[in-house]
Amino acid sequence: MPSEGFVTSIARQSEDFPGWYNDVVLKAELADYSPVRGCMIIRPYGYAMWESMQAELDGHIKRTGHSNVYFPLFVPKSLLEKEAEHVEGFNPQVAWVTHAGGKALDEWLAIRPTSEAIIADSVKDWIQSYRDLPLLMNLWNNVVRWELRTRLFLRTTEFLWQEAHTFHATEKEAADEVATGLECYRLVSEDWLAIPVIKGRKTDAEKFPGADWTWCIEAMMRDKKALQAGTSHMLGQNFAKAAGIEFLDRDNVRKNPYGTSWGFSTRMVGATIMAHGDDSGLVLPPNVAPVQVVVVPIFRKEEERAAVAAAIDRLKESLAETPDGRAVRVHVDWREDSPGFKYNHWELRGVPFRLEIGPRDVAAGQAMVVKRVDRSKEAVPLDRLAAELPARLRDYQAELFKRASDFREANTHRVDTYQELRDGLDGEGGFFLAPWCGDGKCEKQVSAETGATIRCIPFDSPDETGKCIVCGVSSERRALFARAY
RNA sequence: CGGGGUGUGGCCUAGUUGGUAAGGCGCGUGCUUUGGGAGCACGAGAUCGUGGGUUCAAGUCCCGCCACCCCGACCA
């Protein structure tokens, strides 16, 4: 691969993946460090990506019957402590407000690490009858978890997310809701972000503290490590019992409702970067790309500039009324920098298509169309661009999804012995499907010895008797092992 | 919390036996430029992380503190 002239200001992905990731986030101006340790400032280009996936997910959430609500940032200590497993799981990560108004508070306030506790307490008066159920709510907010080791987007002390909280009369209905939430996440990941995901169930060691069980979607990044892209939890009656939520059912018996919660965060911006990016920087799926097409004008003399500008103006007008009615997000880069500078600038930012329009193109009535993902170059008549670009963007979106799917496929391996797993992890890496007996001790041994964890027990793996790679006891399914973020 | 390291314009770095801070990138203005990171000229921008100490004199030497980075531990 020739590297002359192409983006060189960032670390090479193949040589230093963490360094590459950091360079991309900072130099593509997605985010910046903040004065507060572990927190991040999300800049316009990065926030536009978040808004895009946020809008898409919000649509799915509303289509499935949920309403947006808001609950406070502060959670009284006594409420957070009501559910025993929950408080134990979160305590080390909670930031506390101990003083306000110039004096010590009688009761400390937790800055929400998540809202199960305060919601359970608040809704207990709203739920009196089975007729009040299901209660389907969603919050878009920020949460704080005091992390020791942070990385921009992937794990920050404060992050933005959505947390859905629902209450149901029956366990079955709540279990269906867990699936509904997870499906919303799959749709956004695969159809919007072009990131293929594996649905599965978390092991007890990895589940949410306070949940009966947790489902998740897991994705593979380009360094072959796994990233948890969303989780959906069956809370059972745990929080309802802790908060004393009861309703009178059809049979005139007082019962505790079943709860669920599910969350999707700004971490997905990081996932999008790491699932598609390359040595030149970001590679964005058109759906989330703040700029889908960038136009780089090329000219020497003033009359050339005028001719190029006229052609670009006509093109912009035609793009405003594309066949599918959806406007293409076009940016024309009229800055005074050289064309080469602009190519690098927009490649680093992952813009799917670049149109080069110079005197030769204007004379030929065409534009050079360059595809970011493979740098392929093609002359396209100017009067056909408006008709073709939407389709090209759709194809590009599909191509990225296929590329990511093929990559995951090629790096997912079935192994039947512990030694094969270790060799695989130390060698090429990737996802490993291996028989596991279900015992937490075997799981823990693998993570202690290899650094890999069980990401999930995939739903689509068929029942298959085998022998646990650690203890040899018979197993019914394969678990997905991988090193993870 | 243990081990190691680093703090000098927005960024990267130089700074000798202590003598009052230098270069590159970037930024501003002007002119020339523009098909893969353009050139020249002029210019703006630093209480050298912080507090103390030694000294006629500290970016430099000594002590304390703080922040950040790496490794380990920890991490719904």
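Quick caveat: nothing in here was measured; it's all calculated off a predicted structure.

Here Glu218 lies in strand 10 (residues 213-220). Exposure remark for Glu218: the relative accessible area of 0% places this residue in the buried category. Polar side-chain contacts of Glu218 include one of 2.8 Å to the side chain of Lys202. Within polar-contact distance, the side chain of Glu218 engages the side chain of Arg455 at 3.1 Å. Among all residues touching Glu218, those that are not within four sequence positions of it are Pro196, Val197, Ile198, Lys202, Ala226, Leu227, Gln228, Arg455 and Cys456.

With that settled, consider the layout of surface pockets. Of the voids in this model, the largest pocket is the one considered here, and its volume is about 1,000 Å³. Looking at the largest pocket, it is lined by 38 residues, and the ones nearest its centre are Arg145, Arg155, Gln228, Thr231 and Arg267. Its residues assigned to classes, the lining of the largest pocket shows 13 nonpolar, 13 polar and twelve charged.

Per the domain assignment, the segments of chain A are domain 1 (17-276), domain 2 (293-391) and domain 3 (412-482). Computed over C-alpha atoms, the centres of domain 1 and domain 3 are 28 Å apart. Counting residues at the interface gives 18 residues for domain 1, matched by 16 residues for domain 3. Both sides together, the interface formed by domain 1 and domain 3 hides about 1,300 Å², and carbon and sulfur atoms give 65% of it. Of all residues in domain 1, the largest losses of buried area upon contact with domain 3 belong to Ile198, Thr203 and Lys224, amounting jointly to 36% of the total for that side. Applying the counting criterion to the domain 1 and domain 3 interface returns two salt bridges. Across the domain 1-domain 3 interface, the total number found is six residue pairs in polar contact (both at pLDDT 80 or more). If you tally residues by element for the side of domain 1 that touches domain 3, the top one is strand 10, at five residues. Of the residues that constitute the side of domain 1 that touches domain 3, the class distribution is eight nonpolar, three polar and seven charged.

All right, on to helix 1 (residues 17-27) then. For helix 1, every residue scored as buried is listed here: Phe17, Gly19, Trp20, Tyr21, Val24 and Val25. The inward-facing, buried residues of helix 1 contact strand 1 (31-33) and helix 8 (267-276). Near the N-terminus of helix 1, the side chain that reaches the backbone nitrogen of Gly19, with its oxygen 3.1 Å away, is that of Asp16. Positive backbone phi, approximately 60°, marks Glu29, located one or two places after helix 1.

Another aspect to go through is the packing of helix 9 (residues 302-319) against helix 12 (residues 382-410). In the contact formed by helix 9 and helix 12, the axes pass within 9 Å of each other and the chain directions differ by 30°. Relative to helix 12, helix 9 is oriented roughly parallel. Both helix 9 and helix 12 take part in a crossing whose hand is right-handed. Between helix 9 and helix 12, the contacting residues are Ala311, Leu315, Ser318 and Leu319 on the first element and Leu382, Leu385, Ala386 and Leu389 on the second. Along the lines of polarity and charge, the residues of the contact of helix 9 with helix 12 split into seven nonpolar, one polar and no charged.

To continue, consider the sheet that holds strand 22 (residues 453-458). The sheet built from eleven strands is open, its strands ordered 3-7-8-14-11-10-9-22-25-21-20 with mixed pairing. Edge positions in the sheet fall to strand 3 (67-68) and strand 20 (412-414), since each of these pairs with one other strand and no more. Against the sheet, helix 2 (residues 44-63) engages strand 3, strand 7 (135-144), strand 8 (158-168) and strand 14 (258-265), with an angle of about 160° to strand 7.

Rules of the game
- Residues numbered from 1 in each chain as written.
- Chains lettered and ligands numbered in written order.
- Predicted model: local features only at pLDDT ≥ 70, side-chain atom pairs only at ≥ 80, totals over all residues.
- Heavy atoms only, no water.
- Helix = DSSP H or I, 4+ residues; strand = E, 2+ residues; numbered from the N terminus.
- Buried < 20%, exposed > 50% of the residue type's maximum accessible area, 1.4 Å probe, protein only.
- Polar contact = N/O pair within 3.5 Å; in protein donor to acceptor, adjacent residues only side chain to side chain.
- Contact = heavy atoms within 4.5 Å.
- 1 Å grid on protein atoms, 1.4 Å probe; cavity = no way out; pocket = protein on both sides within 12 Å on 5 of 7 lines; lining within 4 Å.
- Points joined across faces, edges and corners; volume = space filled by probe spheres on them.
- Nonpolar A, V, L, I, M, F, W, Y, C, P; charged D, E, K, R; others polar.
- Domains from an automatic or database assignment.
- Buried area = accessible area lost by both parts, 1.4 Å probe.
- Salt bridge = Lys/Arg side-chain N within 4 Å of Asp/Glu carboxyl O.
- Axes fitted to C-alpha atoms, helices over the stretch in contact; angles between N-to-C directions.
- Parallel < 35°, antiparallel > 145°, perpendicular 65-115°, else oblique.
- Left-handed = near helix turned anticlockwise from the far one by under 90°.
- Pairing = 2+ DSSP bridges.

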